[in-house]
Structures are given as structure tokens and as C-alpha cells.
Amino acid sequence: MKNIVILGSTGSIGRQTLEIIREFPKYFNVLGLAAWNNTDLLHRQIKEFSPSYVFYNQQALVPLTEKQAFIPMEEMVCSPDADLIMIATTGKAGLLPLVKALEQNKDIAFANKEPLVMAGEYIKQLRENHSGFFLPVDSEPSAIWQCLESSLSELAHVTITASGGPFRNRPHSSLENVTPEQALKHPTWSMGKRITIDSALLMNKGFEVIESRWLFDISWDKINVVLHPQSIVHSMVTFIDGSVKALLCPPNMRIPIQYALSYPKRLPIISEKVTDPVDFGTLNFEPLDIENYPCFKLAIHAGKQGQTFPAVLTASDEVAVESFLQNRIKFTDIPKLLETVLAEHTPTSAFSLQSILSADQWARTRTEELAKQLN
Ligand SMILES: NC(=O)c1ccc[n+]([C@@H]2O[C@H](COP(=O)([O-])OP(=O)(O)OC[C@H]3O[C@@H](n4cnc5c(N)ncnc54)[C@H](OP(=O)(O)O)[C@@H]3O)[C@@H](O)[C@H]2O)c1
């Protein structure tokens, strides 16, 4: 029986995590739940799973029993009873809980990629000095992890696949007037709003390259991206003898979440049909024209520049995506804002949490100012 803490329990990943826990009550117990705005759903989750600990933005709206307590996420992840922490918050929210969980040598199932993008070098160092398992949930890094299993020394390169999002066949210059509703219609994945817009821009793919760089300690030149519209192959690993391992499964997060929860075991898949390769149909792979995806290009450049540039990238992107969702700026303004903010940034070393958080704050304020000027 593993005691699990779920940060972001009301989100897309959090809800799917609880579905798996519901299917395997002999293996998993919910120790803690954390959410932000969704009072009704959190209330129902507390009733069903009886967690000992809860974190919520507006405590007065959520009644608890005498045996339950509200505590901050940073404290919840340190509970001596917690065996596995699922970090499924969005944006920067998972950063401080992640740092605390690492410091406490906790096993971490990790979906919330932005903290790893913004503070990759810092987190890599923490991981090297602590003993908890780090279990990737994001489907592409999870696929790399599952393909690699102990073969890192024989690696030639990894290939991450990208569906290309809803605008795959359109030049970026033609996207000026796309609406949030159009950008939120992902052709293969159903996800939270921020990651769906990031996917339409291929910013999310840039994040996954940076995430993989730090998760697996692979150099930039060994990480490729190809377009694969069907989203069946999640990533591939090419070895020095030219052979390739790929991980194939339907485009939903159930399998990577379940593997991170049950690792090192594999549990049967219950609510989905077992994969039949015939259903996959024809699989295509196409080269990625990075000139058509300015956010991807900016992300890779910021990742390679290092220091506090990646923290600025994620913060500025979060504010720009939110402004687009509120119809305050155009879709094509997002890369323009990011480019300006990254160009104005004076970087500092990213080995201290304080410098990362200061860069994050500066980028949020500056992006907001620039977005207002565009209104
Ligand atoms: N969805 C996917 O298929 C997928 C795939 C791969 C990776 N990821 C990554 O996984 C993470 C979660 O994605 P998602 O799609 O599940 O996002 P989502 O649906 O937007 O859910 C985000 C969750 O975080 C909570 N939250 C937001 N701000 C918070 C804060 N300041 N403190 C505590 N909780 C907070 C939300 O609470 P409320 O709902 O109560 O406001 C919600 O439970 C993202 O980093 C994403 O890139 C997602």
C-alpha cells in the first residue's frame, strides 16, 4: 500500500490519478490533496478519498472532519507517512513543493514540467544529493524513461514526437486571428488549458526538450523532435548500433500516470481497452520546420542559454498564454512578447532558488506591462 499525496488533484492529471487509485484500492491510499479554485470537485474528492491533509486556496469553503487538517503543500510533501508525491499542479506552483520533497528524499511522480524547465540545473543538483526516485509522468519523457531502462551508456540520441497541434499545416503568419476556442481544440490530446495552448504553439515541445535534458542528463545535440500527427509513438531512443526502441500507446495520460504510481510494478489497465496495434493504423513521421514554430525556437534557445533564461521563458509564457485566453492579446503576440522579454533580461546564475524566483517575478511583471501596451 502506497500513501499518495496529489498536488493539483482537481486538474486533468490529478483527476486521472484519482481514477487509477479508485481502481486499485489495495495498492494506493490518498494521504493528501491540494487544489486551488475548484471547490465543488475538491469537496467531492475529500468525501470519497478521506485524505488526512488538504491544501486549498479558500479554506473556509471546504469543511473538514476533526481528523483532517489544512496544511501548505510544502509541509504536506514532507509528511513522514507520504510514500509518493504526485506533482500535477500547473505552472510554477509545483516548484517549492518539489524542492521540499526532493530534500526529504521522497519518491516523486512528476507531471508539472514548468519547475524543471525554470530551475533544471538547480533541481538536477538536488536530485544528485538526494535519494528519492524521480518518476516522469509527462508521456514523452515517460516513454524515454521506459525505453532507456539502464542503457544510457549506449545511447546515440532520443527522438521526442510532436503532434503539431491544431495548426500543424498552417504557416505561423496565418494564425493572427485564431481564437482561444480554436487553439484549445487539440487534435489528439485532452488536457488543461495552459498546456493545450502551449501545445498549439509547440512551446510545450520546447519545454519537453528542456525537461528531458535535465531528467536524463542528455546533451542538447542528442535530443531530436519529429512531427508525428497520430501521437501513438510518444518517444524513441536510438542506440549506438542503430537500433531504435519506441514506446507506443494511445494518446491519453492513463498509462504513464499508472506506471509512475505503480513503479517498479506494472498493473493491468482497467477502464481502457488493451492496445491493439491494428487500431493504430498508419503512423507518419515528418521533419519539424522550426522556423514555423517561433515559441519552440525561443524555448530551445533559452534552454541552451541556461542561467535564469528558462525561468523567464516559463513565467513570461504563463502570463502571455493567460492574456491570450482572456482575449487581451493575439495568438501571434505570444512569441513576440516572449522574444522581447527574453531579450531584455539580464541573467544571473540559476544555482540559487532566490535568483530563479526573482527572474520569474521580473518576467511576469514585464510581460504584463508589455501585454497591456498591446491592448
Ligand atoms: N493534462 C495532460 O495531459 C498533461 C500531460 C503531460 C504533462 N502535463 C503537465 O502536468 C501539469 C498539470 O497539467 P493539467 O493539464 O492537469 O493542468 P490543469 O488541468 O490546469 O490542472 C492544474 C491543477 O493545479 C491546481 N493549481 C493551479 N494553481 C495552483 C496553485 N497555485 N496551488 C495549488 N494548486 C494549483 C488546479 O487547481 P483548481 O482546478 O482547483 O484551480 C488543478 O488542480 C502541467 O504542468 C502540464 O504541463 C499535463
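Residues numbered from 1 in each chain as written. Predicted model: local features only at pLDDT ≥ 70, side-chain atom pairs only at ≥ 80, totals over all residues. Heavy atoms only, no water.

Asks: Any chance you could explain helix α4 (residues 95-103) here in plain terms?
Replies: Note that an α-helix has 3.6 residues per turn; residues three or four places apart therefore point the same way. Of the residues making up α4, those classed as buried are Leu95, Pro97, Leu98, Val99, Ala101 and Leu102. Of the residues one or two after α4, Asn105 is the one with positive phi, at around 60°. (Buried < 20%, exposed > 50% of the residue type's maximum accessible area, 1.4 Å probe, protein only. Helix = DSSP H or I, 4+ residues; strand = E, 2+ residues; numbered from the N terminus.)

Asks: What exactly am I supposed to notice about the environment of Glu176 here?
Replies: With respect to the secondary-structure elements, Glu176 resides in the loop between β8 (155-162) and α8 (180-183). Looking at Glu176, its side chain comes within polar contact range of the side chain of Lys330, at 3.1 Å. (Polar contact = N/O pair within 3.5 Å; in protein donor to acceptor, adjacent residues only side chain to side chain.)

Asks: Please explain the site of the ligand as it appears in this structure.
Replies: Neighbouring the ligand are 25 residues; Thr10, Asn37, Asn38, Glu114 and Gly192 lie closest to it. In the environment of the ligand, an oxygen atom lies 2.7 Å from a nitrogen or oxygen atom belonging to the side chain of Thr10. A distance of 2.9 Å separates an oxygen atom of the ligand from a polar backbone atom of Ile13. Its residues placed into classes, the shell around the ligand shows 11 nonpolar, 11 polar and three charged. (Near = heavy atom within 4 Å. Nonpolar A, V, L, I, M, F, W, Y, C, P; charged D, E, K, R; others polar.)

Asks: Help me understand the side chain of Asp198, please; the structure alone is not making it clear to me.
Replies: Structurally, the position occupied by Asp198 is in helix α9 (residues 193-200). Judged by relative accessible area, which is 1%, Asp198 ranks as buried. Not counting chain neighbours up to four residues away, the residues in contact with Asp198 comprise Met203, Asn204, Phe207, Asp317 and Val321. (Contact = heavy atoms within 4.5 Å.)

Asks: Sorry if this is basic, but what is going on with empty space enclosed by the protein here?
Replies: Remark: the empty space left among the atoms is shown by a probe the size of a water molecule rolled over them. Within this structure, the stated rule accounts for two cavities of 30 Å³ or more. The computed volume of the largest cavity comes to approximately 80 Å³. What lines the largest cavity is Val117, Met118, Ala119, Gly120, Glu121, Ile210, Trp214, Gly303, Gly306, Gln307, Pro310 and Ala350. Listed by contribution, the elements that provide at least two residues to the lining of the largest cavity are α5 (114-118), α6 (120-128) and α10 (203-216). Split into classes, the residues belonging to the lining of the largest cavity amount to seven nonpolar, four polar and one charged. Of the volumes computed, that of the second largest cavity is approximately 60 Å³. Considering the residues around the second largest cavity, the lining is formed by Phe167, Arg170, His172, Leu175, Ala200, Leu201, Asn292, Tyr293, Pro294 and Phe331. When its residues are assigned to classes, the lining of the second largest cavity shows seven nonpolar, two polar and one charged. (1 Å grid on protein atoms, 1.4 Å probe; cavity = no way out; pocket = protein on both sides within 12 Å on 5 of 7 lines; lining within 4 Å. Points joined across faces, edges and corners; volume = space filled by probe spheres on them.)

Asks: Even after reading the chapter, I still don't get the packing of α9 against α10, so can you show me in this structure?
Replies: As a packed pair, α9 and α10 sit with axes 5 Å apart at the nearest point and diverge in direction by 95°. The angle between α9 and α10 places the two elements in the roughly perpendicular class. Taking contact as the criterion, the partners of Arg194, Ile195, Asp198 and Ser199 in α9 are, on α10, Met203, Asn204 and Phe207. Residues that form the contact of α9 with α10 fall into these classes: three nonpolar, two polar and two charged. (Axes fitted to C-alpha atoms, helices over the stretch in contact; angles between N-to-C directions. Parallel < 35°, antiparallel > 145°, perpendicular 65-115°, else oblique.)

Asks: Sorry if this is basic, but what is going on with the nonpolar core here?
Replies: Nonpolar side chains tend toward joint burial in soluble globular proteins. Grouped together as the largest cluster of nonpolar side chains are 122 residues, with contacts concentrated most on Leu7, Ile21, Met86, Leu261, Leu313, Phe331 and Ile334. Of all the elements, helix α14 (residues 309-325) adds the most residues to this core, at eight residues. Not counting residues within four places of it along the chain, the set of residues in contact with Leu313 comprises Val117, Met203, Phe207, Ile210, Leu298, Ala299, Ala302, Leu338 and Leu342. (Core = buried A, V, L, I, M, F, W, Y, C linked by side-chain atoms within 4.5 Å.)

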